Amino acid sequence: GAGVSQTPSNKVTEKGKYVELRCDPISGHTALYWYRQSLGQGPEFLIYFQGTGAADDSGLPNDRFFAVRPEGSVSTLKIQRTERGDSAVYLCASGVAGNTGELFFGEGSRLTVL
Amino acid sequence: GESVGLHLPTLSVQEGDNSIINCAYSNSASDYFIWYKQESGKGPQFIIDIRSNMDKRQGQRVTVLLNKTVKHLSLQIAATQPGDSAVYFCAEKRITPLVFGKGTRLSVIA
């Protein structure tokens, strides 16, 4: 596709449930980032992949959050035992390896935990 | 501590006027700064960037100024248009990842 694609665009779930959010980056982009954005706030870093490996996962808030990128393209963010505080827009961005800063963001997946 | 923040949360500008959005940073080791624009319901969109060895960079209708002495970054938008209405974020980069500020909402008054 032409841009970063994220699915689902909206997800409503109940507290305690498991959720998966998918990101399909721009073809050829080896760097992939997950950010979380709460209402009225700037995006907050979660995890960064370079290829298949997580180069930096220091932003994951706790062990309920996990992300994979098994083939170096599509990535899945997994949230276990969701809590109401997990409600936010989860943004995915991709970039060219070695590029210093221009990230291309998807439109995000809005997660609501009831 | 390290932070990337903004002086004003909201800014209203008359259509056709110039807009100036400010950002302060606290880490003198930061070597790269980026401005992003985020429209409602969309992801952030890259506007312009600047490296720490520069003090000014111009794009189409936008200019970024960097003052390392006072750790200040600004985005200037010339002849502001209704389509410029959005939230603007500055972001700071040392290695990875980008660290975003809270954002300034720009409202353009027709």
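Residues numbered from 1 in each chain as written. Chains lettered and ligands numbered in written order. Predicted model: local features only at pLDDT ≥ 70, side-chain atom pairs only at ≥ 80, totals over all residues. Heavy atoms only, no water.

## Here's the deal with the interface of chain A and chain B
How big an interface is tends to be expressed through the accessible area that disappears when the partners come together. Contacts between the two partners involve 18 residues from chain A and, on the opposite side, 18 residues from chain B. At the boundary of chain A with chain B, total buried surface from both sides reaches about 1,500 Å², with 55% on carbon and sulfur atoms. Our count for the contact surface shared by chain A and chain B stands at 3 residue pairs in polar contact (both at pLDDT 80 or more). Among the elements of the structure, strand S4 (31-37) and strand S5 (44-50) of chain A are those that each provide at least two residues to the side of chain A that touches chain B. (Contact = heavy atoms within 4.5 Å. Buried area = accessible area lost by both parts, 1.4 Å probe. Polar contact = N/O pair within 3.5 Å; in protein donor to acceptor, adjacent residues only side chain to side chain. Helix = DSSP H or I, 4+ residues; strand = E, 2+ residues; numbered from the N terminus.)

## Some remarks on the packing of aromatic side chains
A complete count under the given rule lists 11 aromatic pairs over all chains for this structure. On the basis of an interplanar angle of 20 degrees and a centroid distance of 4.5 Å, the ring pair of A:Tyr33 and A:Tyr48 is categorised as stacked. Note that A:Tyr33 is positioned in strand S4 and A:Tyr48 in strand S5, a separation of 15 residues in sequence. In terms of burial, A:Tyr33 and A:Tyr48 fall into one category: buried. Seen in terms of ring centroids, A:Tyr35 and B:Phe100 are 5.5 Å apart; in terms of plane orientation they differ by 85 degrees. Their pairing is edge-to-face. (Phe/Tyr/Trp six-rings, centres within 6.5 Å; stacked < 30°, edge-to-face > 60°. Buried < 20%, exposed > 50% of the residue type's maximum accessible area, 1.4 Å probe, protein only.)

## Some words on the pairing of strand S6 (residues 53-56) of chain A
All names here are of chain A. Sheet topology places S5 next to S6; 3 bridges connect them, and they run antiparallel. For Gln50, the partnering residue across the bridge sits in S6 and is Gly53. Joining the antiparallel neighbours S5 and S6 is a turn of 2 residues, in which Gly51 adopts a positive phi near 70 degrees. (Pairing = 2+ DSSP bridges.)

## Digging into the state of the cysteines
Each disulfide is one covalent bond, formed between the sulfur atoms of two cysteines. For the structure shown, the criterion picks out 2 disulfides over all chains. Between A:Cys23 and A:Cys92 runs a disulfide, and the two sulfur atoms are separated by 1.9 Å. Handedness here is read from the sign of the S-S torsion; for A:Cys23 and A:Cys92, about -70 degrees, the answer is left-handed. Of this pair, A:Cys23 sits in strand S3 (residues 19-24) while A:Cys92 is found in strand S9 (residues 88-95), placing the two residues 69 residues apart along the sequence. Exposure class is identical for A:Cys23 and A:Cys92. Each is buried. What pairs with B:Cys23 in a disulfide is B:Cys90, and their sulfur atoms sit 1.8 Å apart. Here the S-S torsion is close to 50 degrees, and the disulfide linking B:Cys23 with B:Cys90 is therefore right-handed. Note that B:Cys23 is positioned in strand S3 (residues 19-25) and B:Cys90 in strand S9 (residues 86-93), a separation of 67 residues in sequence. A relative accessible area of 1% places B:Cys90 in the buried class. (Disulfide = S-S within 2.5 Å.)

Shape descriptors only; they carry no functional weight alone.
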